[in-house]
Amino acid sequence: MASLHRPSEAALAQLPYRPCVGIALFNRDGLVFAGHRRHESADLGAHAWQMPQGGIDEGEAPRDAALRELYEETNVAPASVRLLAEAPGWYSYDLPTFAEGKPWKGRYRGQTQKWFAFAFEGDDREIDILRPGGGAHKAEFDGWRWEPLANLAELVIPFKRPVYEQVIAAFAHLARPA
């Protein structure tokens, strides 16, 4: 019978990071979109908020993945956004021990993310978190709001905070009215 034990630190260190993108979507007032994660809300309380993010498909350019993920999670179409900035590097986090092996079936140790800042030039009515992607995608959020960028690190699950702090530093110059 196989032993149910936590992989060693050395074994975890050998796993790759899942390549992903993150999106800071700024409105005209310099606030960013924050979504309340539907499936984690009971466990995380005030820390169930995050900006849109998701995996990069094989052969997909990071910017294209960001536009796709934004549409799949918020219903905001690429025609409604304008690129403001790209983070200077990739930001990574390891999954905490309580989550190891659950997401991605234990194939990754965490995520490495390329972040993009976009200006939202559409109308708030375009945002539809309950029927994202025109209803073609499963809802990841059950609520959303515009939030000052500087607040996001305190609203996200603690193991993602260092990444969010880097994102805040990279895009702080954008967090003001246009």
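As the structure is a computational prediction, the values presented were derived from the model and not from experiment.

### Section: the pattern of salt bridges
If the charged atoms of two oppositely charged side chains come close together, the side chains can form a pair. For the structure on display, the rule yields 10 salt bridges. A salt bridge links E72 to R68; its shortest N-O distance comes to 3.1 Å. In this pair, E72 and R68 both sit in helix α3 (residues 62-74), 4 residues apart, roughly one turn of the helix. For the pair formed by E72 and R68, the shared burial category is buried.

### A short note on the confidence of the model for the protein chain
Mean pLDDT over the protein chain: 88, with 84% of residues reaching 70 or higher. Note that residues 1-5 has pLDDT below 50 and, in this model, 0 contacts with residues that lie over four places away or in other chains.

### Describing unusual backbone geometry
At N75, a residue that is not glycine, the phi angle is positive and equals roughly 75 degrees. Considering the arrangement of structural elements, one finds N75 in the loop between α3 and β5 (81-94). Of the residues examined, N75 reaches a relative accessible area of 16% and is grouped as buried.

### Some thoughts on helix α5 (residues 161-171)
Taken together, the buried positions of α5 are occupied by R161, V163, Y164, V167, I168, A170 and F171. The inward-facing, buried residues of α5 contact β1 (17-26), β3 (49-50), β4 (53-55), β5, β6 (110-120) and α4 (152-155).

### A short note on the packing of aromatic side chains
Counted according to the given criterion, the structure contains 8 aromatic pairs. An angle of 75 degrees between the planes, with centres 5.5 Å apart, marks the rings of W115 and Y164 as edge-to-face. Of this pair, W115 sits in strand β6 while Y164 is found in helix α5, placing the two residues 49 residues apart along the sequence. Accessibility assignment for this pair places W115 and Y164 in one class, buried.

Parameters and conventions
- Residues numbered from 1 in each chain as written.
- Predicted model: local features only at pLDDT ≥ 70, side-chain atom pairs only at ≥ 80, totals over all residues.
- Heavy atoms only, no water.
- Salt bridge = Lys/Arg side-chain N within 4 Å of Asp/Glu carboxyl O.
- Helix = DSSP H or I, 4+ residues; strand = E, 2+ residues; numbered from the N terminus.
- Buried < 20%, exposed > 50% of the residue type's maximum accessible area, 1.4 Å probe, protein only.
- pLDDT = per-residue confidence, 0-100.
- Contact = heavy atoms within 4.5 Å.
- Phe/Tyr/Trp six-rings, centres within 6.5 Å; stacked < 30°, edge-to-face > 60°.

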